Amino acid sequence: MCQIVEKAVAEGLSRRGVLAGIAAIAGGAALAGCAPTTAPVAAPAAAQNQPRAAAEGYRTRLVLLGTAGGPAWHVGERSGISSALAVGDRYYLIDAGAGVTHRLRGSGLGSPQPTRGPLDTLNAVFLTHLHSDHICDLPALLSAGWANGLSQNARRPVAVWGPGNRGALPPLFGQASEPPVVAPNNSTPGTEEMVGLLVGAFATDFNDRARDTGTPVPDQLFAGHDLPLPAEHLRDPNGTPHPRMSPVTFYEDDLVRVSATLVQHAPVFPALAYRFDTDDGSIVFSGDTAPSDNLVELAAGADVLVHEVMDRQAVESAFPPPRTEAVEALIRHTLDAHTTIEDVGPIAERAGAGTLVLNHLVPAFTPDDRRLAAQNGYSGRLVVGHDLEQIGIGAPR
Ligand SMILES: [Zn+2]
């Protein structure tokens with residue numbers, strides 16, 4: 001990723017270079033994995049760490065599985081974006097980025113027995129949007145889930161919730177001619193269709209195992225669902241900013257009530273944030289978003305707000321001046337789809353959130369010290385998220 005950006009800069013941002021940069025940025029990845037060359041990577045401040053032991057005794061816990069934003073693969077401390085909310089001995093998965101299967105295994109969620117867990121206690125999956133960095137390991141979860149706890153899950157089929165069909169291709173940015181359209185007969189499938197397409201893609205394996213060893217078929221294990229947002233908010237997928245709306249409650253079981261709202265991640269649409277209300281407190285996941293009044297309303301009074309964050313300084317340093325108008329537009333385009341370190345604190349303050357947890361960190365290896373600037377304008381507790389940290393909600397039981 002860094003090389004793409006640096007090459008674009010070196011080439012004076014030729015058309016090819018700019019398009020490569022746009023393509024890289026389109027996944028919310030702008031500079032994921034690009035540590036600024038002048039800034040050393042600092043060890044996480046000890047006071048920021050929230051190890052699993054810190055949440056022991058809590059019935060309801062936020063579990064950070066992967067905290068890196070963007071589709072670049074990382075080696076080391078940060079996996080792709082994914083979180084879990086555990087309530088008692090059950091849990092909910094929010095996004096399924098690169099490495100989620102291994103992070104689940106290391107999290108302590110579900111049964112530790114290799115063939116019984118960790119998916120035996122998974123209640124539901126919630127996808128914030130269909131950018132690849134949020135869903136790329138969903139196929140791994142679904143195709144091999146039967147061998148990792150789904151078969152033993154008492155609540156199967158497990159629901160996979162997410163945005164519906166976009167309904168129209170996004171507008172062109174930074175190029176004059178139309179690129180080829182992928183899957184022109186259905187070029188913007190939603191969650192339910194995507195899960196169905198994945199089942200079709202893995203049909204050889206599913207049929208083989210069902211006939212050979214009696215393995216449950218996908219309909220017995222999981223089911224994709226499109227979020228039922230009011231049609232009036234979905235009319236213009238290319239409108240920006242997103243439609244103003246109040247949260248919609250769409251899911252409830254004996255442990256949680258889940259509400260959602262549209263957030264600002266254009267050209268991605270629908271892009272969603274989720275709120276989980278439990279007996280122990282409320283937790284909100286922003287998904288990928290620029291500052292959004294919908295998100296502030298959703299997060300009103302939440303105990304924990306888990307919010308994405310982008311390092312503006314790193315973005316701008318990758319495109320040093322003098323900049324062409326095209327480069328300035330590219331930087332604006334990137335920042336317009338995300339929330340900067342400087343902006344996230346006041347958002348949490350407006351919402352009145354008790355704790356702000358930063359995740360979907362772009363670039364992944366911006367020093368934590370710089371992210372601590374998110375405290376500016378926020379009077380609550382700030383946590384810079386790290387993989388496999390856990391945060392208790394409410395009081396220990
Ligand atoms: Zn995204």
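Visitor: Looking at this structure, I do not really get the packing of aromatic side chains. What am I missing?
Guide: Between two aromatic rings, the relevant description is the distance of the centres plus the angle of the planes. Following the criterion strictly, the structure yields 11 aromatic pairs and no others. Ring geometry for Phe276 and Phe285: centres 5.7 Å apart, planes at 85°, overall edge-to-face. By relative accessible area, which is 0% here, Phe276 ends up buried. Among the aromatic side chains, those forming a connected cluster through ring pairs are Tyr92, Phe126, Trp161, Phe250, Tyr251, Tyr274, Phe276 and Phe285.

Visitor: Help me understand the sheet that holds strand β7 (residues 248–252), please; the structure alone is not making it clear to me.
Guide: Neighbouring strands of a sheet are bound in pairs by backbone hydrogen bonds; such pairs are parallel or else antiparallel. The strand order β7-β8-β9-β10-β11-β12-β13 describes an open sheet built from 7 strands, whose pairing is mixed. Only two strands of the sheet have a single neighbouring strand rather than two, namely β7 and β13 (381–384). The sheet shows a mean angle of 25° between the axes of neighbouring strands, direction not considered. Here strand β11 (residues 304–310) pairs with strand β12 (residues 355–362) via 7 bridges, running parallel. When the bridges of β12 are listed, Glu308 appears paired with Asn359. Of the strands in this sheet, β11 and β12 touch helix α11 (residues 341–351), which is tilted by about 160° from β11.

Visitor: Explain the coordination of the zinc ion to me, please; I cannot follow it from the model alone.
Guide: Around a metal, the perfect tetrahedron of four donors has angles of 109.5 degrees, and the perfect octahedron of six donors has angles of 90 or 180 degrees. Every protein donor of the zinc ion is accounted for by His129 (NE2), His131 (ND1), His265 (NE2) and Asp288 (OD), and the metal-donor separations fall at 2.2 to 2.3 Å. Relative to the metal, the 4 donor atoms surrounding the zinc ion lie at angles of 92 to 163°, and the coordination shape comes out irregular. Written as a sequence motif, the donor arrangement for the zinc ion is H-x1-H-x133-H-x22-D. Of the two residues, His131 sits in the loop between β4 (122–126) and α4 (132–135) while His265 sits in the loop between β8 (257–262) and β9 (272–278), which places them 134 residues apart along the sequence. Taken as a pair, His131 and His265 share a single burial class, namely buried.

Visitor: I'm lost on the pattern of salt bridges in this one. Help?
Guide: Any two side chains of opposite charge can pair, given that their charged atoms come close. Taken as a whole, this structure holds 15 salt bridges when the rule is applied. Of the charged contacts in the structure, one is a salt bridge between Arg312 and Glu316, with a shortest N-O distance of 3.6 Å. Here Arg312 pairs with Glu316, and both are found in helix α9 (residues 312–317), just 4 residues apart, close to one helical turn. By relative accessible area, which is 32% here, Arg312 ends up partly exposed. Overall, the relative accessible area of 29% leaves Glu316 in the partly exposed class.

Visitor: What's the story with the side chain of Ser111 in this structure? I'm lost.
Guide: Its place among the elements puts Ser111 in the loop between α3 (100–107) and β4. Polar side-chain contacts of Ser111 include one of 3.1 Å to the backbone nitrogen of Gln113. Those residues in contact with Ser111, other than ones at most four positions away along the chain, are Arg105, Arg116, Gly117, Pro118 and Asp120.

Visitor: Explain the sheet that holds strand β6 (residues 222–226) here, please?
Guide: Read from one edge of the open sheet, 7 strands run β6-β5-β4-β3-β2-β1-β14, paired in mixed fashion. Taken across any chain shown, the strands that pair with only one partner, and hence form the sheet edges, are β6 and β14 (390–393). Each adjacent strand pair in this sheet contributes to an overall mean axis angle of 20°, direction not counted. In this structure, strand β1 (residues 60–66) lies alongside strand β2 (residues 82–87), joined through 6 bridges in antiparallel fashion. Pairing of Leu64 across the sheet is with Ser83, part of β2.

Visitor: Would you take a moment to explain the environment of Gly66 for this structure?
Guide: With respect to the element layout, Gly66 can be found in strand β1. Considered as a pair, Gly66 and Ala98 are 32 residues apart in the sequence and their alpha carbons are 8.0 Å apart.

Visitor: Can you help me understand the nonpolar core in this one?
Guide: If you look at soluble globular proteins, the nonpolar side chains tend to sit buried side by side. Within the largest apolar cluster, 33 residues are counted, with the highest numbers of intra-cluster contacts made by Phe126 and Phe276. Contact partners of Phe276, with chain neighbours within four places excluded, come to Leu85, Tyr92, Ile94, Phe126, Val256, Arg257, Val258, Gly281, Ser282, Ile283 and Phe285. Grouped together as the second largest cluster of nonpolar side chains are 27 residues, Leu93, Leu127, Leu142 and Val195 included.

Visitor: Looking at this structure, how should I read α11?
Guide: Each α-helix turn comprises 3.6 residues. Residues three or four places apart therefore point the same way. All of the buried residues in α11 are Ile341, Val344, Gly345, Ile347, Ala348 and Ala351. Seen from one end, α11 has its buried residues packed into an arc of 165°, which puts them on one side. Immediately downstream of α11, the backbone of Gly352 shows phi near 75°, a positive value.

Visitor: Looking at this structure, how should I read the pairing of β8?
Guide: On a regular strand, one side chain projects to one face of the sheet and the next to the other, so that they alternate. In terms of residue burial, β8 counts as a mostly covered element, since 5 of its 6 residues are buried. By the bridge criterion, 4 bridges tie β7 to β8 in an arrangement that is antiparallel. Its bridge partner lying in β8, Tyr251 is registered against Val258. Count of turn residues in the β7/β8 antiparallel hairpin: 4 residues. Pairing between β8 and β9: 6 bridges, direction antiparallel. When the bridges of β9 are listed, Thr261 appears paired with Ala273.

Conventions adopted
- Residues numbered from 1 in each chain as written.
- Predicted model: local features only at pLDDT ≥ 70, side-chain atom pairs only at ≥ 80, totals over all residues.
- Heavy atoms only, no water.
- Phe/Tyr/Trp six-rings, centres within 6.5 Å; stacked < 30°, edge-to-face > 60°.
- Buried < 20%, exposed > 50% of the residue type's maximum accessible area, 1.4 Å probe, protein only.
- Pairing = 2+ DSSP bridges.
- Helix = DSSP H or I, 4+ residues; strand = E, 2+ residues; numbered from the N terminus.
- Axes fitted to C-alpha atoms, helices over the stretch in contact; angles between N-to-C directions.
- Contact = heavy atoms within 4.5 Å.
- Donors = N, O, S within 2.8 Å, 3.2 Å for Na, K, Ca; no water.
- Tetrahedral: all angles 85-135°; square planar, octahedral: opposite > 155°, others 65-115°.
- Salt bridge = Lys/Arg side-chain N within 4 Å of Asp/Glu carboxyl O.
- Polar contact = N/O pair within 3.5 Å; in protein donor to acceptor, adjacent residues only side chain to side chain.
- Core = buried A, V, L, I, M, F, W, Y, C linked by side-chain atoms within 4.5 Å.
- Arc of directions from axis to C-beta.

Function cannot be inferred from these measures alone, as they are strictly geometric.
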